Amino acid sequence: MADRSVLVTGGTGGLGGAVTTGFAEAGWRVVVPSRGTPDAAPVPGDVVRVVADLTDPEGARRAVRVAAGDPGAPLRAVVNLVGGYAAGGRVHETPVDELDRMLALNLRPTWLVTGAALPHLVAAGGGAVVCVSSRAAVSPFPGAAAYATAKAAVLAFANAVAVEYKASGVRCNTVLPSVVDTPANRAAQPDADHSRWVSPAEIAPVVRFLASPESAPTSGASVPVYGRA
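Residues numbered from 1 in each chain as written. Predicted model: local features only at pLDDT ≥ 70, side-chain atom pairs only at ≥ 80, totals over all residues. Heavy atoms only, no water.

Asker: Please clarify how helix α7 (residues 200–211) should be interpreted in this entry.
Answerer: Note on helix geometry: an α-helix contains 3.6 residues per turn, so any two residues three or four positions apart are oriented the same way. Helix length check: α7, at 12 residues, gives a terminal C-alpha distance of 16 Å against a target of 16 Å (1.5 Å per residue), a fit within 8%. Buried residues of α7: Pro-200, Ile-203, Ala-204, Val-207, Leu-210 and Ala-211, and no others. Seen along its axis, α7 keeps its buried residues to an arc of 130°; they face one direction. The secondary structure elements touched by the buried residues of α7 are α1 (16–25), β4 (75–80), β5 (127–132), β6 (170–177) and β7 (222–225). (Helix = DSSP H or I, 4+ residues; strand = E, 2+ residues; numbered from the N terminus. Expected span 1.5 Å × (residues − 1). Buried < 20%, exposed > 50% of the residue type's maximum accessible area, 1.4 Å probe, protein only. Arc of directions from axis to C-beta. Contact = heavy atoms within 4.5 Å.)

See below:
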C-alpha cells in the first residue's frame with residue numbers, strides 16, 4: 001500500500017504519462033485530474049482519477065481534496081505540468097488577449113492548485129511542489145513573448161513559494177525543459193532535429209527526484225532539462 005500521495009496535474013499529457021508512470025512505479029498513490037470523464041484518456045499505472053477544471057478555484061480545491069483524502073497516504077507532493085505554447089508575432093503584433101490566454105493556461109492552474117494544496121502539505125509535516133517553466137523563460141526566442149512571460153511568471157511564483165514556506169517544511173523547485181519530444185511537438189515541427197529534444201522519459205526522473213525526500217536540501221532551484229537542444 002502506498003504511504004504517500006502525489007497530485008500530478010496534466011498527468012494525461014505528453015510529459016504527464018511518463019511522470020505519472022514513474023511515481024506509480026515508485027510506490028506513490030498518484031492522483032491525476034482531468035476535465036473529461038475518468039475514462040476520457042488512459043493513464044498508466046495504478047492511479048486515482050478526478051474530474052476537475054483546474055482553471056476554476058473550486059475545481060482546483062476538488063482535485064486537492066481527493067489527493068489529500070487518504071489518511072494512510074497523506075499528500076506529500078504536487079507536480080504542476082499543466083501548460084501550453086502558442087506562437088505569435090513580435091510584441092507589438094501580439095494582442096494582449098494572447099498574453100491573458102498564456103497566463104491563464106500556464107500560471108493560473110499552477111497558482112490555484114498549489115495554493116489549495118499548501119495547507120495540506122504543511123499539515124502533513126512538509127512536502128514538495130514541482131513546477132514546469134521553460135527555457136524560454138530565461139532565454140526567449142522571437143515570436144513567443146506571451147509564452148515566455150507566462151513561463152517566467154511560473155518561475156517567479158515557484159521561487160516565491162519556496163521562500164514563503166521554507167519554515168513550514170515545504171520545498172518548491174522548477175524544471176525548465178527545452179522542446180519536449182512529444183507526438184504533438186513532432187507534428188508541429190516535422191523538419192526539426194528531434195534527436196536534440198529532451199524526452200519525457202528523461203524529464204520524469206528529475207521531477208520525481210525533486211518531489212522526493214532525497215532532494216530535501218533543495219528548494220528554489222531552477223533545473224534545466226534541455227537534452228541536446
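Asker: I keep staring at empty space enclosed by the protein and nothing clicks. Help me out?
Answerer: By rolling a water-sized probe across the atoms, one finds the places where empty space is left. Evaluated as defined, the whole model comprises 1 cavity of 30 Å³ or more. Reported here for the largest cavity is a volume of approximately 40 Å³. Lining of the largest cavity is provided by Ala-86, Ala-87, Gly-88, Gly-89, Thr-94, Glu-98, Gly-143, Ala-144, Ala-145, Ala-146 and Tyr-147. Per-element accounting of the lining of the largest cavity gives the leading share, 3 residues, to helix α5 (residues 145–164). In terms of residue class, the lining of the largest cavity is built from 6 nonpolar, 4 polar and 1 charged. (1 Å grid on protein atoms, 1.4 Å probe; cavity = no way out; pocket = protein on both sides within 12 Å on 5 of 7 lines; lining within 4 Å. Points joined across faces, edges and corners; volume = space filled by probe spheres on them. Nonpolar A, V, L, I, M, F, W, Y, C, P; charged D, E, K, R; others polar.)

Asker: Explanation requested: helix α2 (residues 57–67) in the structure shown.
Answerer: Along α2, the residues that are buried comprise Gly-59, Ala-60, Ala-63, Val-64 and Ala-67. Across the axial projection of α2, the buried residues extend over an arc of 135°, all falling on one side. Buried residues in α2 make contact with β1 (5–9), β2 (29–34), β3 (47–51), β4 and α4 (108–123). The distance from a side-chain oxygen at the start of α2 to the backbone nitrogen of Glu-58 is 3.2 Å, and the residue carrying that oxygen is Asp-56. (Polar contact = N/O pair within 3.5 Å; in protein donor to acceptor, adjacent residues only side chain to side chain.)

Asker: For this particular structure, what's the right way to read the packing of aromatic side chains?
Answerer: Given two aromatic rings, their pairing is described by the distance between the two centres and the angle made by the two planes. Within the structure shown, the criterion is met by 4 aromatic pairs. Residues Tyr-85 and Phe-141 carry aromatic rings whose centres are separated by 6.2 Å and whose planes lie at 45° to one another, so their mutual orientation is tilted. Separated by 56 residues along the polypeptide, Tyr-85 in the loop between β4 and α3 (96–106) and Phe-141 in the loop between β5 and α5 bring together distant segments of the chain. Judged by its relative accessible area of 45%, Tyr-85 is partly exposed. Assessed through its relative accessible area of 39%, Phe-141 is described here as partly exposed. Ring geometry for Tyr-85 and Tyr-147: centres 4.9 Å apart, planes at 90°, overall edge-to-face. (Phe/Tyr/Trp six-rings, centres within 6.5 Å; stacked < 30°, edge-to-face > 60°.)

Asker: Before we go on, may I ask you to explain the nonpolar core in this structure?
Answerer: Across soluble globular proteins, nonpolar side chains show a tendency to be buried alongside one another. Leu-7, Leu-75 and Val-78 are the most contacted members of the largest nonpolar core, which has 27 residues in total. Secondary-structure elements contributing two or more residues to this core are α2, β4, α4, β5, α5 and β6. Looking at which element gives the most residues to this core, the answer is α4, with 6 residues. If near-sequence neighbours (up to four positions away) are discounted, Val-78 is found in contact with Leu-7, Val-113, Ala-117, Leu-121, Ala-128, Val-129 and Val-130. (Core = buried A, V, L, I, M, F, W, Y, C linked by side-chain atoms within 4.5 Å.)

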